[in-house]
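# Chain and residue survey
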Amino acid sequence: ELCFFSSVPPQPVPPLAQTLQGYLRALEPLLPLEELSHTRRIVHDFGRPGGLGTQLQEGLEKRARLNKNWVCSRLNMICVYRTASCLFPCRFASRLIAAVLDFKAKINTGQLPVEFMRRKPLCKELYPLLFSSCRIPGPKHDYIAHYGRSRRSPTHITVVRNYQFFQLEVYNSDGSRMTESQIHGQLLRIRSQSWKTDKEPMGILTSEHRHTWGEAYNRLLRDKLNQESVRMIETGLFSLCLDSPVMRISDEKYASRKAAQVLHGGGTFSNSGNRWFDKTLQFVVGEDGSWGLLYEQATAEGPPVATLLDHVIEYCEKPDTKRAPLLPLPMPKKLYFHIDREIKRDIEHAKQNLDILINDLDVNVFNFKKFGKNLPKQHQMSPNSFIQVALQLAYYRVHSEVCSACDIATQRMFRGGRTEYIRSPTKQGLQYILAFDNPSVSREAKQELFREAVDAYSALTEAALNGHGIDRHLLGLKLQAIEEGMSIPKIFMDTAYGLATHFKLRTGQMPANNTDSVMCFGPLVPDGYAVCYNPQADHIHFSITAFNCCEDTNAERLARTLRDTMCHLQEMLQPTV
């Protein structure tokens, strides 16, 4: 194994009593007292010695002994964009492909440096799975296919332009990687073969509801030609989407437009037909010089993807010194589809549904320039915890209530570990929020309450990073009950559990090393927001998304309030008098 396993321990199953206490603490700021005492009784009954919880806990502990990771043995989309230097798109795209292949070579040869978090090594098992992998729709549930593990690993990528898919071999017959200029020549060939837009945007089918897409997928694969083309897309190392230019609008809204472009392609009249949304990695290069990465979260997640992006950016800044061998290369192979009346109807439905979805998603990207992570650090506070309390406060100032929120903590300190939620608000967070606008509370008292709120969040983060979060454990217990053929325990049927898991604020920090990238994803619930941020030393990039169909949420209003809230916090900590 190339992965650094020797000192990466298995993921622990947290003690049951600890998780149940943490669950009740998380509910305190969200529930009225009577409801809280009703839920307490249900939780105590579930957790009593010899009770149902204890029985399920034993089942989970047994699973942990038999599997490398008890969470992941069971178990949408994120976009990252960055404006590229103004290289001609095909020239830049060829360098990007070379950079990604270089990263893959480092994984294959074990040259990827071991990453550490808080002096603990992180599991690298996820890296090889990024390539030649794809989500496949199944009749009951999807599964992830990893084609890179086969003896004859795939050696091609898929390039999509004007809704047309091409198979591009990126290794020479002797196994060596193609040089940048070889790839550039091949991309120019693809460009000359794809001036006209294909009538039927096949990729749009992958944006459908999973069950609908599953049925269309089976219809599509009845034909041998379609089977071969779909298999080429699924097995490819990754996809490259060469997008047509986006209409230029005001600079202020351009960042939001670009983020949305990478995320969904801008609609059926724009570039959405250039995507295969099930593919783990899709690099998007626009004719205006912007580029980004769309990744499927079932296999990939933020930190490994950020490491890949850092490598790409670093690689792209170096000059290309490799000479191209004078070998004639075969033409890139266009992938054809046989489209009958049924498939045509499926595509039409998918187009309508995707446009509805895209028109419903409001994306707001902005750069907060007043301060960055240095300010919280000067006051001995965690920048992430500082921003999380600010987000809860901004939400409260817009909606006059706090809400269930989740942030993501990595679990890669454990073998095969993925992610855990960090929940907010905390009791301390609520106390500060209620004091924020209260004129009878002194500035010093507010400062103290704010510090307590930030510290409380940092303590939750620490617990989650040590494998002692509550969400994956509660989910594990629920799935254990289902697996053992029991009816779903009362604790999970209680309205409090529904409220606790209805995350109106989905948040995440983009772990980018000194790069001005923005990450962007959609809300988890119809009446919620998704907020992603990339804190740099003296500024912070934010992206906020919400659904237009919900009258209560508005991405621009939350963005405005968040800016104002951050300025208030700066003033509270560093008064200008």
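Residues numbered from 1 in each chain as written. Predicted model: local features only at pLDDT ≥ 70, side-chain atom pairs only at ≥ 80, totals over all residues. Heavy atoms only, no water.

## Here's the deal with the pattern of salt bridges
Tallying each qualifying case throughout the model produces 28 salt bridges. One salt bridge in this structure joins Asp 102 and Lys 106, with 3.6 Å as the shortest N-O distance. Of this pair, Asp 102 and Lys 106 both sit in helix H4 (residues 89–108), four residues apart, roughly one helical turn. The salt bridge involving Lys 504 is made with Glu 401; its shortest N-O contact spans 3.6 Å. Of this pair, Lys 504 sits in the loop between helix H18 (495–500) and strand E15 (505–509) while Glu 401 sits in the loop between helix H13 (383–399) and strand E13 (405–410), and the two are 103 residues apart along the sequence. Look at Glu 401 and you get partly exposed, because its relative accessible area is 36%. One continuous salt-bridge network, built from bridges that share partners, spans Arg 135, Asp 142, Arg 210, Asp 278 and Glu 296. (Salt bridge = Lys/Arg side-chain N within 4 Å of Asp/Glu carboxyl O. Helix = DSSP H or I, 4+ residues; strand = E, 2+ residues; numbered from the N terminus. Buried < 20%, exposed > 50% of the residue type's maximum accessible area, 1.4 Å probe, protein only.)

## Points about the domain arrangement of the protein
Domain parsing of the protein yields domain 1 (16–70 + 369–573) and domain 2 (79–114 + 122–362). For domain 1 and domain 2, the distance between their C-alpha centroids amounts to 33 Å. The partner domain 2 presents 28 residues to the 28 residues of domain 1 that form the contact. At the boundary of domain 1 with domain 2, total buried surface from both sides reaches about 2,400 Å², with 51% on carbon and sulfur atoms. Put simply, Lys 68 and Glu 125 hold a salt bridge, and the shortest N to O gap is 2.6 Å. Counting every contact that joins domain 1 to domain 2 gives 10 residue pairs in polar contact (both at pLDDT 80 or more). Among the elements of the structure, strand E16 (518–520), strand E18 (540–547) and helix H19 (555–573) are those that each provide at least two residues to the side of domain 1 that touches domain 2. Among the elements that take part in the side of domain 1 that touches domain 2, E18 stands out by supplying four residues, more than any other. (Domains from an automatic or database assignment. Contact = heavy atoms within 4.5 Å. Buried area = accessible area lost by both parts, 1.4 Å probe. Polar contact = N/O pair within 3.5 Å; in protein donor to acceptor, adjacent residues only side chain to side chain.)

## Some thoughts on the pairing of strand E6 (residues 156–161)
Of all six residues in E6, six are buried; the element is thus mostly enclosed. The alternating pattern of E6 places His 156, Thr 158 and Val 160 on one face and Ile 157, Val 159 and Arg 161 on the opposite face, and all of these are buried. One ladder, built from six bridges, connects E6 with strand E7 (residues 164–169); its direction is antiparallel. Looking at the pairing, Val 160 lines up with Phe 165 of E7. In textbook terms, the turn of a hairpin is the stretch between consecutive antiparallel strands, and for E6 and E7 this stretch comprises two residues, one of which, Asn 162, has a positive phi near 50°. (Pairing = 2+ DSSP bridges.)

## Points about the nonpolar core
Grouped together as the largest cluster of nonpolar side chains are 49 residues, with contacts concentrated most on Leu 187 and Phe 238. The residues that make up this core include at least three from each of domain 1 (16–70 + 369–573) and domain 2 (79–114 + 122–362). Filtering out sequence-adjacent residues up to four positions away, Leu 187 remains in contact with Cys 90, Ala 93, Ser 94, Ile 97, Val 159, Leu 168 and Leu 240. Core analysis: the second largest hydrophobic core is formed by 40 residues, Phe 371, Met 381, Leu 391 and Phe 450 among them. (Core = buried A, V, L, I, M, F, W, Y, C linked by side-chain atoms within 4.5 Å.)

## Digging into H13
Taking 1.5 Å of rise per residue, the 17 residues of H13 would be expected to cover 24 Å, and the 24 Å separating its terminal C-alpha atoms lies within 8% of that figure. In terms of burial, H13 is a largely internal element, 15 of the 17 residues being buried. At the C-terminal side of H13, Ser 400 shows a positive phi close to 60°. (Expected span 1.5 Å × (residues − 1).)

## Points about the sheet that holds strand E17 (residues 529–535)
Pairing within the open sheet is mixed, and its six strands lie in the order E12-E18-E17-E15-E13-E14. Strands at the two margins of the open sheet, each flanked by one partner only, are strand E12 (361–368) and strand E14 (419–424). Put simply, the sheet's adjacent strands are angled 20° from each other on average, direction ignored. Taken together, the eight bridges between E12 and E18 define a ladder with antiparallel strand orientation. The partner of Phe 368 across the bridge, within E18, is Ile 540. Sheet contacts for H13: E13, E14, E15, E17 and E18; angle to E17, the most-contacted strand, approximately 145°. (Axes fitted to C-alpha atoms, helices over the stretch in contact; angles between N-to-C directions.)

## Regarding the pairing of E7
Most of E7 sits out of view: five of its six residues are buried. Across two bridges, the pairing between E7 and strand E11 (residues 333–334) is antiparallel. For Phe 166, the partnering residue across the bridge sits in E11 and is Lys 334.

## What to know about the environment of Lys 344
By secondary structure assignment, the location of Lys 344 is in helix H11 (residues 341–360). Setting aside residues no more than four positions away along its own chain, Lys 344 makes contact with Glu 200 and Ile 339.

## Notes on helix H15 (residues 443–465)
The first and last C-alpha atoms of H15 sit 33 Å apart over 23 residues, in line with the 33 Å expected at 1.5 Å per residue. When we look at burial in H15, the residues that qualify are Lys 446, Phe 450, Ala 453, Val 454, Ala 456, Tyr 457, Thr 461, Ala 464 and Leu 465. Taken together, the buried residues of H15 touch strand E2 (116–117), H13, E13, E14, helix H14 (427–436) and H19. One or two steps after H15, the chain reaches Gly 467, where phi turns positive at roughly 85°.

## A look at a nonpolar patch on the surface
There is a patch of nonpolar side chains on the surface, built from Ile 482, Ile 488 and Met 493 and spanning about 290 Å² of accessible area. Residue placement: Ile 488 occurs in the loop between helix H16 (471–483) and helix H17 (490–493). You can call Ile 488 partly exposed: its relative accessible area is 35%. (Patch = residues over 30% accessible without salt bridge, like charges linked within 9 Å, V, L, I, M, F, W, Y side chains within 5 Å. Areas by Shrake-Rupley, 256 points an atom, 1.4 Å probe, with all protein chains shown as cover.)

## Things to note about the packing of aromatic side chains
Taken as a whole and judged by the stated rule, the model has 19 aromatic pairs. Judged by centre distance (5.2 Å) and plane angle (20°), the ring pair of Phe 366 and Phe 542 falls under stacked. Of the two residues, Phe 366 is situated in strand E12 and Phe 542 in strand E18; the sequence distance between them amounts to 176 residues. There is no split in this pair, since Phe 366 and Phe 542 are both buried. Feature note: the residues Phe 368, Phe 371, Phe 386, Tyr 432, Phe 436 and Phe 450 constitute an aromatic cluster, connected by ring pairs. The aromatic ring of Trp 195 is capped on one face by Arg 161, whose charged end is 4.6 Å from the ring centroid. (Phe/Tyr/Trp six-rings, centres within 6.5 Å; stacked < 30°, edge-to-face > 60°. Lys NZ or Arg CZ within 6 Å of the ring centre and 35° of its normal.)

## Quick word on the packing of H15 against H19
For the pair H15 and H19, the least separation of the axes is 10 Å and the interaxial angle reads 115°. You can see that H15 and H19 cross each other, and the crossing is left-handed. Where H15 abuts H19, its residues Arg 443, Lys 446, Gln 447 and Phe 450 lie against Leu 569, Met 572 and Leu 573. For the contact of H15 with H19, the per-class residue count stands at four nonpolar, one polar and two charged. (Left-handed = near helix turned anticlockwise from the far one by under 90°. Nonpolar A, V, L, I, M, F, W, Y, C, P; charged D, E, K, R; others polar.)

## Describing the side chain of Ser 194
By secondary structure assignment, the location of Ser 194 is in the loop between helix H6 (180–193) and helix H7 (210–220). In this structure Ser 194 comes out as buried when scored by relative accessible area, which is 0%. Setting aside chain neighbours within four positions, we find Ser 194 in contact with Arg 161, Asn 162, Gln 164 and Phe 166.

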